[in-house]
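Coordinates in review
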Amino acid sequence: MNRIDEKFAGLKSQGEAALIPFVTAGDPDLDATLQILRAVERGGADLIELGVPFSDPMADGLTIQRASERALQSGTTLPQILEMVRQLRRHSEIPLILFGYYNPFFRYGLKRFAHDLNAAGVDGILCVDLPPEESGELRRWTDPHGLDTIFLLAPTSDATRIRLVSEQGQGFIYYVSVTGVTGARKRFEADLRAQVTRVRRVTRLPVGVGFGVSTPDQAAWIASFADAVVVGSALITQIEKAKGWREKSKRAGAFVARLKRAMKRVAKQS
Amino acid sequence: MPDNRGHFGLYGGRYVSEALMPAVIELEKAYTRVRRDPGFRREFHYQLREYAGRETPLYFAAGLSARLGGARVYLKREDLCHTGAHKINNTVGQALLAERMGKRRIIAETGAGQHGVATATVAARFGMECEIFMGKEDVARQALNVFRMKLLGAKVRVVESGSQTLKDAMNEALRDWVTYVRHTYYLIGSVAGPHPYPLIVRDFQSVIGQEARRQILAREGRLPDYLVACVGGGSNSMGLFYPFLKDRKVKMVGVEAGGLGLKTGRHAASILAGQVGVLHGSKSYLLQDRLGQIRHTHSIAAGLDYPGVGPELSYLRDQGRVRFASATDREAVAALRLLAEVEGIISALESAHALAEAIRLAPRLGKDRLIIVNLSGRGDKDMDTIADYLGVGL
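As the structure is a computational prediction, the values presented were derived from the model and not from experiment.

1. Points about the sheet that holds strand β1 (residues 7-8) of chain B
Strand pairs in the sheet, formed through backbone hydrogen bonds, run parallel or antiparallel to each other. Residues and elements named next belong to chain B. A sheet is described by the order of its strands in space; here 4 strands give the open sequence β1-β2-β12-β11, paired in antiparallel fashion. Both outer strands of the open sheet, β1 and β11 (275-279), are each paired with one neighbouring strand and no more. Where β1 meets strand β2 (residues 11-15), 2 bridges bridge the pair, whose relative direction is antiparallel. Among the inter-strand pairings, His7 is bridged to a residue of β2, identified as Gly12.

Rendered as structure tokens:
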């Protein structure tokens, strides 16, 4: 069992859903990111998605596009991100997932990529533009290192896709709450609960919900029927608004704590 | 080619987010059906003939050939198509496909604006809602085409992210598609994107090569020695080359945008100067830095100003079937001027890159040799750019 599986097993026994904050690595620089990640963990994050900036983030809305641009402007590179992960790992066992687009990973060299991720202490990879059909060349190298490849499902996924992703997925399934790009939203599709339930009936993997989750109430509602809640753009906005790494990490940690408290209240009720 | 998952050897495939997978699979199924449907083919060719103005002439450029003093140069006159470029071949085909799939809203990306105009045109013709995504920089340098699209009833969405050119327009179109995927048809204009787009666009554009092959056989009684076409994403080159691929003696040259020169780094020569990578749904040669970030490109021709290239062209390059060359901004403008002076034809800046290569090639060949250049579009849209380049005020 790797850190991701252990975490989900532990939370399940307590009847809790996992909170997974998304942070763009290097926004505005990697020193700040390290402090933000520590604050987010103290605030109650169960797992962390660490965004690897890409020049052409076509699945992302404006908030994460801007975060990516800031990170690239400060010269953030994948080797530097892995170095920061090594530093984080000295004091933390929080499950860590690299979240990004395929090209920077592919260009790094997949064999070296898998080796270096494992050595740095990364637990899983989520590649937005890498569906199961194209993932063979990556998994040839990541599977032997015990790195999880996490796949997505979306409201457009039919029964065939749900089966395919259930069979091939590792760690958990990332269910995209809406057809669209990342970004905070006021409302969700009315049948989100039914859609997630439909996926959970098919898979043995935990199901996390992301895209658009922005308030403690939304996080709590999703926690009542999903195994995990991913919060990205709303957290990035908090980080964006604050000045300096101290203020940024303080706000990020406080925001995550509010989300987690709301999710725990639901766990106690049910 | 391609295999059933859209791979051309190492290249191609389907690198899209899960939300789009059902849409590209649905498209593949719909296209597989119409590909076998003689009724669809009849309708397609009817529209190409009656609406798009095919077939286009294969014109013997006597003046140019005499000036170059070598091979006989023929021009495949795609510039004479309705809307002024080969782009209409593909948009007619895909509009018919969208209609059969029951999609009433069409989106497209555009660089030079030719694909945008061709898409807006068929959307008007078939009564569909239409939105065109175009980078801010391209909107500025192709103002005439922006106005044409609006006149045709399309909404033009100005893209301000990234380098504000074609690749960013494609990012934004993909973002729109994933949001409204249930009723929107994404009409990709090049042989790029996820499977089945490279296949669909190649098939619809193949009419160029099919006609040219027939025409040269009728005129010269033999196949040409060379085919020359410019390559941005690669739709006009694949359209010309594909029907000749099995004719082993026909040499093919793809001409990429050399911009200010390959050594300056300011160009758009993906195959000559790129490395393999994944962008916009497929694996292919790509202009990127050593970290896999996509590089900004430069070409005087907006339609070539793209960091990627169609996967089948990457495959044909590795096979050695297609040779690649480049022409700089300066060479393209010089070629455009020469053609205007000796033939009375003003080509698009994109097509002028192919002409530049033919101008280098023809004098080295004997007078009995034949070259076909794909004159993929006309130059009206480029008057501001050329005047600006030459320092002439309009």
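There is more to say, and it comes next.
2. What to know about the layout of surface pockets
Unoccupied space between atoms shows up once a probe the size of one water molecule is rolled over them. If you add up the space inside the largest pocket, you get close to 460 Å³. If you go around the largest pocket, you meet 24 residues; those closest to its centre are Phe8, Lys12, Arg200, Pro206 and Asp227 of chain A. Of all elements in the fold, only α1 (3-14) and α12 (244-269) of chain A reach the threshold of two or more residues within the lining of the largest pocket. Ranked by residue count, the leading element in the lining of the largest pocket is α1 of chain A, at 5 residues. As for the second largest pocket, its lining consists of Met1, Tyr242, Pro243, Leu245, Lys246, Asp247, Arg248, Glu312, Tyr315, Leu316, Gln319 and Arg321 of chain B. Looking at the lining of the second largest pocket, its residues break down into 6 nonpolar, 1 polar and 5 charged.

3. Let's talk about the packing of helix α3 (residues 62-73) of chain A against helix α11 (residues 233-241) of chain A
Residue and element names in this part refer to chain A. One can describe the packing of α3 onto α11 by two numbers: an axis separation of 9 Å at closest approach and a directional angle of 50 degrees. Of the possible angle classes, the one that applies to α3 and α11 is oblique. Our pair here, α3 against α11, has a crossing hand that is left-handed. Across the interface between the two elements, Thr63, Ile64, Arg66, Ala67 and Arg70 of α3 pack against Ser233, Ile236, Thr237 and Glu240 of α11. Here the residues of the contact of α3 with α11 are counted per class, giving 3 nonpolar, 3 polar and 3 charged.

4. A closer look at unusual backbone geometry
Going from Asp27 of chain A to Pro28 of chain A, the amide bond is cis rather than trans, its omega being 0 degrees. Along the polypeptide, Pro28 of chain A turns up in the loop between β1 (18-24) and α2 (30-43). Cis geometry marks the peptide bond from Arg54 of chain B to Glu55 of chain B, where omega comes out at 5 degrees. With respect to the secondary-structure elements, Glu55 of chain B resides in the loop between α2 (38-50) and β3 (58-60). Within the chain, Phe211 of chain A stands out as a residue other than glycine whose phi angle is a positive 80 degrees. As for its position among the elements, Phe211 of chain A is in the loop between β8 (207-210) and α10 (216-223). What makes Phe211 of chain A buried here is its relative accessible area of 8%.

Thresholds, definitions, all that
- Residues numbered from 1 in each chain as written.
- Chains lettered and ligands numbered in written order.
- Predicted model: local features only at pLDDT ≥ 70, side-chain atom pairs only at ≥ 80, totals over all residues.
- Heavy atoms only, no water.
- Pairing = 2+ DSSP bridges.
- Helix = DSSP H or I, 4+ residues; strand = E, 2+ residues; numbered from the N terminus.
- 1 Å grid on protein atoms, 1.4 Å probe; cavity = no way out; pocket = protein on both sides within 12 Å on 5 of 7 lines; lining within 4 Å.
- Points joined across faces, edges and corners; volume = space filled by probe spheres on them.
- Nonpolar A, V, L, I, M, F, W, Y, C, P; charged D, E, K, R; others polar.
- Axes fitted to C-alpha atoms, helices over the stretch in contact; angles between N-to-C directions.
- Parallel < 35°, antiparallel > 145°, perpendicular 65-115°, else oblique.
- Left-handed = near helix turned anticlockwise from the far one by under 90°.
- Contact = heavy atoms within 4.5 Å.
- Buried < 20%, exposed > 50% of the residue type's maximum accessible area, 1.4 Å probe, protein only.

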